[in-house]
Amino acid sequence: MNSVAVISKHERDNRKAVRSLIWLCWLVYSCSYLGKVNYAANITQIEDFYNISHADAGLVSTFLFFSYGVGQFVNGFLCKKYNIKWMIFLSLMSSGVINLLVAVIPSFTVIKWLWFINGAALSVLWATVVRLLSETLSKRDMARATVVMGTTVASGTLLIYGLSAVFATFDVFKMAFVFAGIAMPAVAFIWLFALPCVVRRAKAASEEYEEEDRVARQSAKEAKGNDVSGAVIKLMIAVLAVVAIAVNLINDGLKTWMPAILKENYGLDDSISIILSLALPMVAVFGNFFAVKVHKLIPDFVLQCALAFGISGAIIALVIGALSLNQFIITIVGFAIACFLVASCNSLITSIFPLFMKDKINSGRIAGVLNGFCYVGSTISTYGLGLLADVSGGWNTVFGLLFGVCMFIVLMAAIYVLVKKFITKERYLEKKMNG
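Caption draft 1: Representation of the side chain of Ser 381 in the model. Note on placement: Ser 381 falls in helix α17 (residues 363–392). Under the relative-accessibility criterion, Ser 381 is labelled buried at 0%. Ignoring sequence-local partners within four residues, the contact set of Ser 381 consists of Asn 248, Leu 249, Asp 252, Gly 253, Trp 257 and Gly 386.

This is how it looks when you write it as structure tokens:
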């Protein structure tokens, strides 16, 4: 009886150690969105304050997304060499200082360069965090880690959009940058002092499961008899890279320009537009959990994305009609559902895929590379969609483009299925010929 109680307590301690590491990583990455998305959350006030166009306002986010995206590729390849504790500390501290500078510098021209540096500083985080989790946690903890880490984007975005709505009400939008400038260094110091103890305990807990996990994986591989080939994995990564561009083109495009769309089409105040825009990150919180559940039914990562994009395309077509008919409720609900589905793909590509495939790929590197492709889409979405709206005189052309992107992903997935079948058949014939 006592032995059972001791084992039970030991198991609880192990679970607590693993959860502590996951939630510390969650805190760091969620906090990064306070200093990254606050500009987009306040874009309508920034346009009015500096008297600039959609394209000029979107160019600042484009600078951030460009440096952040390039940084994802660079850090994906270099993160294996990093001192994780200090790199993440310096990343958060740098972004905090930059946000404080944006709050006090009066010139709009300087902001895009500060935001460019901000993107480079924050690009360290994702690949490094994924590397830490993949190296520390056992296979059985991957699902928990992906579900929790998948809520970071939505949680951080939700918080900063909510605060920005309050600041907009009192016409003090620059407080969003001040808040980030204080919160990010605070979290940086929490990370610095908590990490060594948390990692030590989590590693000790995970090591107890390593041999059991290794035996289970070997048994599963032998039972399957035909593991996923390297060629199929490379094909999957190539297709997911293209899907990643489309994911953030739509996701960041809708989140960035939602307040402007509501303000221009329905005459809403800035604060009301921002509050209603909270529906997008709010529903996206559940996107990762949804992605994990659906992945159990659709184990192919590409086909899961294709289904989400197919439904999103139909919804975007509905939103185009709603804007023409001035149907406010359909517009809001349509945006929310489309963002939810696309956000689930973001989690699938940048979190679930790298961690679930840790035995076949370098998780940190692939997470960084795929996240880099996501930010190629982000770079296009802010300046490109704002410019298209300015040139075309409205948002219907923008949504027509997004609909076309969804249909392209569905078509590409169909081609992927054919190529995958060909590769699998060739590998089967080759094995058969070799005995």
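Caption draft 2: View of a nonpolar patch on the surface. A contiguous nonpolar patch, built from Phe 66, Val 70, Val 74, Phe 77 and Leu 78 and spanning about 440 Å² of accessible area, is present on the exposed surface. With respect to the helices and strands, Val 74 occurs in helix α4 (residues 54–78). Among the residues examined, Val 74 registers a relative accessible area of 41% and is labelled partly exposed.

Caption draft 3: Spotlight on the packing of α4 against helix α11 (residues 230–266). As a packed pair, α4 and α11 sit with axes 12 Å apart at the nearest point and diverge in direction by 165 degrees. Our classification of the angle between α4 and α11 gives roughly antiparallel. Crossing angle aside, the handedness with which α4 passes α11 is right-handed. Across the interface between the two elements, His 54, Gly 58 and Phe 65 from α4 touch Asp 252, Trp 257, Ala 260 and Glu 264 from α11. Its residues assigned to classes, the contact of α4 with α11 comprises three nonpolar, two polar and two charged.

Caption draft 4: Representation of a positive patch on the surface in the model. On the surface, Lys 16, Arg 19, Arg 144, Arg 200 and Arg 201 cluster together into a patch of positive charge. Taken together, the elements giving at least two residues each to the positive patch come down to α1 (2–32) and α10 (175–224). Its place among the elements puts Arg 201 in helix α10. Overall, Arg 201 belongs to the partly exposed group, its relative accessible area being 33%.

Caption draft 5: Molecular detail of unusual backbone geometry. One non-glycine residue, Asn 51, lies in the positive phi region at around 55 degrees. Non-glycine residue Asp 171 carries a positive phi angle of around 55 degrees. Residue placement: Asp 171 occurs in the loop between α9 (152–169) and α10. A relative accessible area of 65% means that Asp 171 is categorised as exposed.

Caption draft 6: Quick peek at the environment of Leu 385. Inspection of the secondary structure assignment puts Leu 385 in helix α17. On the basis of relative accessible area, Leu 385 is assigned to the buried category, the value being 2%. In this structure, the C-alpha to C-alpha distance between Leu 385 and Leu 254, residues 131 residues apart in sequence, is 9.6 Å. The residues contacting Leu 385, other than those within four sequence positions of it, are Leu 249, Gly 253, Trp 257, Ile 380, Trp 395, Val 398, Leu 401 and Leu 402.

Caption draft 7: Spotlight on the environment of Ser 107. Examined against the element boundaries, Ser 107 turns out to sit in the loop between α5 (84–104) and α6 (108–122). For Ser 107, a relative accessible area of 29% gives the class partly exposed. Distance in space between the C-alpha atoms of Ser 107 and Tyr 50 is 8.7 Å, their sequence separation being 57 residues. There is a polar contact of 3.4 Å between the side chain of Ser 107 and the backbone nitrogen of Thr 109.

Caption draft 8: Spotlight on the packing of α4 against α6. Put simply, α4 and α6 touch, their axes get as near as 6 Å, and they point 25 degrees apart. Comparing the axis directions of α4 and α6 gives the class roughly parallel. Between α4 and α6 the crossing geometry is right-handed. Of the residues in α6, those touching α4 at Asp 56, Ala 57, Leu 59, Val 60, Ser 61, Phe 63, Leu 64, Phe 66, Ser 67 and Tyr 68 are Phe 108, Ile 111, Lys 112, Trp 113, Trp 115, Phe 116, Asn 118, Gly 119, Ala 120 and Leu 122. Grouping the amino acids of the contact of α4 with α6 by side-chain chemistry returns 14 nonpolar, four polar and two charged.

Caption draft 9: Expanded view of the packing of aromatic side chains. Under the defined criterion, the tally for this structure stands at 21 aromatic pairs. Their ring planes at 75 degrees and their centres at 6.2 Å tell us that Phe 63 and Phe 116 sit as a pair that is edge-to-face. Highlighted residues: Phe 63 in helix α4 and Phe 116 in helix α6, separated in sequence by 53 residues. By relative accessible area, which is 29% here, Phe 116 ends up partly exposed. For the pair Phe 65 and Tyr 375, a centre-to-centre distance of 5.5 Å together with 45 degrees between the ring planes defines the contact as tilted. Remark: Tyr 375 occurs in helix α17 and Phe 65 occurs in helix α4; sequence separation between them is 310 residues. Take Phe 65: its relative accessible area is 9%, and that puts it in the buried class. For Tyr 375, a relative accessible area of 3% puts it in the buried group.

Caption draft 10: Structural detail: the environment of Val 342. Counting through the fold element by element, Val 342 comes out in helix α16 (residues 328–356). Separated by 37 residues in the primary sequence, Val 342 and Cys 305 place their C-alpha atoms 8.2 Å from one another.

Caption draft 11: Region of the structure containing the pattern of salt bridges. Under the criterion given, the structure shown has three salt bridges. Connected via shared salt-bridge partners are Lys 80, Arg 131 and Glu 135.

Caption draft 12: Just α5, in detail. Taking 1.5 Å per residue, 21 residues should reach 30 Å; α5 reaches 31 Å between its end C-alpha atoms and fits that length. Along α5, the positions that sit buried rather than exposed are Ile 84, Ile 88, Phe 89, Ser 91, Leu 92, Ser 95, Gly 96, Ile 98, Asn 99, Val 102 and Ala 103.

Caption draft 13: Structural view of the nonpolar core. Ranked by size, the top nonpolar core spans 131 residues in total, and within it Leu 21, Tyr 39, Trp 191 and Phe 353 carry the most contacts. It is α11 that provides the largest number of residues to this core, a total of 21 residues. The residues contacting Tyr 39, other than those within four sequence positions of it, are Ile 46, Ala 57, Val 60, Ser 61, Phe 108, Ile 111, Trp 115 and Phe 177.

Rules behind the numbers
- Residues numbered from 1 in each chain as written.
- Predicted model: local features only at pLDDT ≥ 70, side-chain atom pairs only at ≥ 80, totals over all residues.
- Heavy atoms only, no water.
- Helix = DSSP H or I, 4+ residues; strand = E, 2+ residues; numbered from the N terminus.
- Buried < 20%, exposed > 50% of the residue type's maximum accessible area, 1.4 Å probe, protein only.
- Contact = heavy atoms within 4.5 Å.
- Patch = residues over 30% accessible without salt bridge, like charges linked within 9 Å, V, L, I, M, F, W, Y side chains within 5 Å.
- Areas by Shrake-Rupley, 256 points an atom, 1.4 Å probe, with all protein chains shown as cover.
- Salt bridge = Lys/Arg side-chain N within 4 Å of Asp/Glu carboxyl O.
- Axes fitted to C-alpha atoms, helices over the stretch in contact; angles between N-to-C directions.
- Parallel < 35°, antiparallel > 145°, perpendicular 65-115°, else oblique.
- Left-handed = near helix turned anticlockwise from the far one by under 90°.
- Nonpolar A, V, L, I, M, F, W, Y, C, P; charged D, E, K, R; others polar.
- Lys, Arg positive; Asp, Glu negative; His and termini not counted.
- Charge placed at Lys NZ, Arg CZ, Asp CG, Glu CD.
- Polar contact = N/O pair within 3.5 Å; in protein donor to acceptor, adjacent residues only side chain to side chain.
- Phe/Tyr/Trp six-rings, centres within 6.5 Å; stacked < 30°, edge-to-face > 60°.
- Expected span 1.5 Å × (residues − 1).
- Core = buried A, V, L, I, M, F, W, Y, C linked by side-chain atoms within 4.5 Å.

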